[in-house]
Amino acid sequence: FLDVVVNKSPEVTRIYLPPDSNCLMAVSDHCLRSTNNINVIVCDKQKHLQYLDMDAAIKHCTKGIGLWDWASNDQGTEPDVVMAGCGDIATQEALAAVELLRLHFPDLRIRFVNVVDLYKMTPPEEHPHGLSDHEFDALFTTDKPVIFAFHGYPWLIHRLAYRRTNHANLHVRGYKEKGNINTPLELAINNEVDRFSLAIDVINRVPRLQVAGAHVKEKLRNLQIECRAYAHEHGIDRDDMRNWKWT
């Protein structure tokens, strides 16, 4: 569906993927006040974690894209990798992946970026909400690996960002039409947008971890198998996965 919307006139189409309920309220308020636009808001109907207070949510949604300082540890230096989330489940799994990586690689410098306004991924020449190349490069760097967890089809992000400087290092994980009656985590695993797949992706893309991270990759794969087996047997995700919170 989002692919169809992107095909329409950039003068009228807007797409928002709020990561939590406060951001949803901020986006909804903006959309209800707007005129002459087709506003698409993508959100889940289930309960989700709350990341931002109302003031922070309004600021974040006004910008449309932002670096979450509290989820990053690259302050004052260049990151080793950029982790990005766009969508509620995608953001949750990306944050959980960051926590796993920081647990096993404390010296790994990770920058976390959240995207609310999908059109921020495209240049301003293509859409009035587009982010300038200078601002885009400042967030996503010009040469570091970017692991992008997306709510929709992965190729849509590549379509929007193909002209960006660091597009060659942009690795998108999203929906691949894999899944049936699954638990939330199992569905994410099927589509390789779960926390384990994202963390493994980082290990594969950061040069100094490609060999040194082999033992951690093995551990994450085992956890992934255990979580899938638990979901098959009990019909729900493990408690530590369902009740995960950012710490």
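Scope of this entry: the structure provided in the associated data block. (Residues numbered from 1 in each chain as written. Predicted model: local features only at pLDDT ≥ 70, side-chain atom pairs only at ≥ 80, totals over all residues. Heavy atoms only, no water.)

1. Observations concerning the nonpolar core
Move 1: Among the nonpolar cores identified, the biggest contains 47 residues, and Met-83, Leu-101, Leu-108, Phe-112, Val-202 and Leu-220 are the most heavily contacted of them.
Move 2: Listed in part, the 29 residues of the second largest apolar core include Cys-86, Val-113, Phe-136 and Phe-150. (Core = buried A, V, L, I, M, F, W, Y, C linked by side-chain atoms within 4.5 Å. Buried < 20%, exposed > 50% of the residue type's maximum accessible area, 1.4 Å probe, protein only.)

2. Quick look at the pattern of salt bridges
Any two side chains of opposite charge can pair, given that their charged atoms come close.
Move 1: Under the defined criterion, the tally for this structure stands at 17 salt bridges.
Move 2: Here Arg-208 makes a salt bridge to Asp-107, at a shortest N to O gap of 3.4 Å. With a gap of 101 residues between them, Arg-208 in the loop between α8 (195–205) and α9 (214–234) and Asp-107 in the loop between α4 (88–104) and β5 (110–115) connect regions that are remote in the sequence.
Move 3: For Asp-240, the salt bridge goes to Arg-238, with nearest N and O atoms at 2.7 Å.
Move 4: What makes Arg-238 buried here is its relative accessible area of 19%.
Move 5: Among the charged side chains, a network of salt bridges with common partners joins Asp-80, Asp-107, Arg-109 and Arg-208. (Salt bridge = Lys/Arg side-chain N within 4 Å of Asp/Glu carboxyl O. Helix = DSSP H or I, 4+ residues; strand = E, 2+ residues; numbered from the N terminus.)

3. Quick word on the packing of helix α2 (residues 21–33) against helix α3 (residues 54–63)
Move 1: For the pair α2 and α3, interaxial distance at closest approach is 8 Å and the crossing angle is 55 degrees. The pairing of α2 with α3 is recorded here as oblique in orientation. Handedness of the crossing formed by α2 with α3: right-handed. Facing α2, whose interface residues are Asn-22, Cys-23, Met-25, Ala-26 and Val-27, α3 presents Met-54, Ala-57, Ile-58, His-60 and Cys-61. (Axes fitted to C-alpha atoms, helices over the stretch in contact; angles between N-to-C directions. Parallel < 35°, antiparallel > 145°, perpendicular 65-115°, else oblique. Left-handed = near helix turned anticlockwise from the far one by under 90°. Contact = heavy atoms within 4.5 Å.)

4. Remarks on helix α5 (residues 133–140)
Move 1: For α5, the full list of buried residues reads Phe-136, Asp-137, Leu-139 and Phe-140. Looking down the long axis of α5, one finds its buried residues gathered within 165 degrees of arc, a one-sided arrangement.
Move 2: For α5, the elements touching its buried residues are β3 (65–67), β4 (81–86), β5 and β6 (146–150).
Move 3: Trailing α5 by a residue or two, Thr-141 shows a phi angle of about 65 degrees, which is positive. (Arc of directions from axis to C-beta.)

5. Thoughts on the pairing of β6
Move 1: Burial of β6 is extensive: five of the five residues sit out of reach of the surface.
Move 2: The side-chain alternation of β6 yields two buried faces, one formed by Val-146, Phe-148 and Phe-150 and the other by Ile-147 and Ala-149.
Move 3: Bridge analysis of β6 against strand β7 (residues 170–173) gives four bridges, and the strand direction is parallel. Following the sheet pairing, Val-146 is matched in β7 by Leu-170.
Move 4: Read as a crossover between parallel neighbours, the route from β6 over helix α6 (residues 154–161) to β7 is right-handed. (Pairing = 2+ DSSP bridges. Right-handed = clockwise from strand over helix to strand, strands pointing away.)

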